[in-house]
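Below, each chain spelled out in residue letters.
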Amino acid sequence: MTSREIATIRRIALLFREHKDAILRNWIAIMHREGLFQDNRELEYFRHGFEKLLNDFITHLGQGDLEAYYRGNREIACQISYNDISYEHFIEAFHLFEDSYMDILSATGEGKDVCGCLSVIDRLHHKTIAIVAQAFFEIHDNTVFALTKLAAIRDYGTGYHLERTREYATLLAKEMHPEGDFARLMYRVGPLHDIGKTGIRDAILLKEGALTPEEFETVKLHTVIGAEAIEQIIGTHKLSRGYLKMAWEIAFYHHEKYDGSGYPTGLQGEAIPLAARIFAVADVYDVITTARPYKTGASHAEAVARIEAGAGSHFCPAVVAAFLRIHEEFDAIRLRHQDQVAVF
Ligand SMILES: [Fe+2]
Ligand SMILES: [Fe+2]
């Protein structure tokens, strides 16, 4: 921020202090007009939240303290999201808040001053929204992870399969697709890959010893069950499509093989989405190197040899090439998240 911009936001803070009550009144009136809230409970959370936001705005911007202002916004986003209010709803309310103060400032003739500083305000709002979005996503991710962990406890006990596979897959994603959101999305959706196992009976999922061919057919269905569950969410949450699309691809296709001999569809080669081809390597590396009740864990070197040998048959050659470039980092993750013996 330049000193001129800091002077500008101080001026804005002063205007807000002068017109604080009118801005809040106007904001609530706009919310009513738009029919944004279903009940008084939601309205009260927002009234309280935005009053705090406005006070923070005035205090911190008045002192030129932008970082404290952003921290305050993040806190509000956390409180609001814990009260079951969606990110989209919060952002919509935030935009109405902008309208409310622009209306008041124009009505009082102060608008011209503020409009002259639009680019500064604009940047403040963009950053505010980005910070709020991040807070919402973090809370969302932590909730999803806690639930998937709970679901996975039947299958993996107290082990760290989800933590390790998400990190292996994220490493590969970064190596193959360093630009954009690809690796970040992988980290967020990876733990959902086996969510469909919640739909497989204990007698089969937890069976000690070899499965019969029919039982194995049932286990294979975890890909379809998981994808169906995610599909239903896609139908209701349009804004999260990128996230859920990758979650769906991984849940459905992570057991496909490059030569077409996998399941559930027998899809082949590059027709299998890249995210799922990556996840297959991450998942199998973990299965090979982890001890289960019926087997001991193999060494890192052995896992590398087996994955290399599977290039072109089980695994996508490009993913295996990426794996061979960074395999030492897999070993480091494996050692960092080793399964402990359960104490309960
Ligand atoms: Fe699986
Ligand atoms: Fe898995």
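Since the structure is predicted, the reported quantities are computational estimates derived from the model, not experimental observations. (Residues numbered from 1 in each chain as written. Chains lettered and ligands numbered in written order. Predicted model: local features only at pLDDT ≥ 70, side-chain atom pairs only at ≥ 80, totals over all residues.)

## Focus on the overall build of the protein chain
Helices and strands together make up the secondary structure of the protein chain, namely 16 helices and zero strands. In summary, the protein chain has a C-alpha radius of gyration of 26 Å against a globular reference of 20 Å for 344 residues, an excess of more than 25%. Seen through its C-alpha atoms, the protein chain measures out along the principal axes to roughly 75 × 45 × 40 Å. Long-range contacts, defined as pairs at least 24 residues apart, comprise 70% of the intrachain contacts of the protein chain with a sequence gap of at least 6. (Helix = DSSP H or I, 4+ residues; strand = E, 2+ residues; numbered from the N terminus. Rg over C-alpha atoms; globule rule 2.2 N^0.38 Å. Contact = placed C-beta atoms within 7 Å.)

## Some details on the nonpolar core
The biggest cluster of nonpolar side chains holds 48 residues, and the ones touching the most others in it are Leu172, Ala247 and Val281. For Leu172, the residues in contact, after removing those within four places along its chain, are Ile278, Val281, Ala282, Val319, Ala322 and Phe323. (Core = buried A, V, L, I, M, F, W, Y, C linked by C-beta atoms within 7 Å. Buried ≥ 20, exposed ≤ 12 C-beta atoms within 10 Å, placed from the backbone.)

## Things to note about helix 1 (residues 3–18)
Because an α-helix packs 3.6 residues into every turn, residues spaced three or four apart end up facing the same way. An ideal rise of 1.5 Å per residue puts 22 Å on 16 residues; helix 1 measures up with 23 Å between its terminal C-alpha atoms. For helix 1, the set of buried residues is Thr8, Ile9, Ile12, Ala13, Leu15 and Phe16. For helix 1, the angular spread of the buried residues around the axis is 160 degrees, confining them to a single face. Facing away from the buried side of helix 1 by over 90 degrees, the exposed positions are Ser3 and Arg4. (Expected span 1.5 Å × (residues − 1). Arc of directions from axis to C-beta.)

## Thoughts on the confidence of the model for the protein chain
Across the protein chain, the average pLDDT comes to 86, with 91% of residues at 70 or higher. Mean pLDDT across the elements of the protein chain ranges from a minimum in helix 6 (residues 111–115), with 64, to a maximum in helix 15 (residues 300–309), with 98. (pLDDT = per-residue confidence, 0-100.)

## Some details on unusual backbone geometry
For the peptide bond that leads from Tyr263 to Pro264, omega is 10 degrees, which places it in the cis range. As for its placement among the helices and strands, Pro264 is situated in the loop between helix 13 (241–253) and helix 14 (274–289).

## Section: the packing of helix 1 against helix 3 (residues 40–62)
At their nearest, the axes of helix 1 and helix 3 sit 8 Å apart, and the two run at 140 degrees to each other. Between helix 1 and helix 3, the angle is such that the two are oblique. Considering only the axes of helix 1 and helix 3, their crossing is left-handed. Contacts from Ile9, Arg10, Ile12, Ala13, Leu14, Phe16 and Arg17 in helix 1 reach Leu54, Phe57, Ile58, Leu61 and Gly62 in helix 3. Considered class by class, the residues forming the contact of helix 1 with helix 3 number nine nonpolar, one polar and two charged. (Axes fitted to C-alpha atoms, helices over the stretch in contact; angles between N-to-C directions. Parallel < 35°, antiparallel > 145°, perpendicular 65-115°, else oblique. Left-handed = near helix turned anticlockwise from the far one by under 90°. Nonpolar A, V, L, I, M, F, W, Y, C, P; charged D, E, K, R; others polar.)

## A word on the packing of helix 2 (residues 20–34) against helix 5 (residues 87–107)
Two numbers describe a pair of packed helices, the interaxial angle and the distance between the axes. One way to put it is that helix 2 packs onto helix 5 with a least axis distance of 8 Å and a crossing angle of 125 degrees. Classified by the interaxial angle, the pair formed by helix 2 and helix 5 is oblique. By crossing handedness, the relation of helix 2 to helix 5 is classed as right-handed. Residue-level inspection shows Ala22, Ile23, Asn26, Trp27, Ile30, Met31 and Glu34 of helix 2 in contact with helix 5, the latter providing Ala93, Leu96, Phe97, Asp99, Ser100, Tyr101, Asp103 and Ile104. Of the residues contributing to the contact of helix 2 with helix 5, the split by class is ten nonpolar, two polar and three charged.

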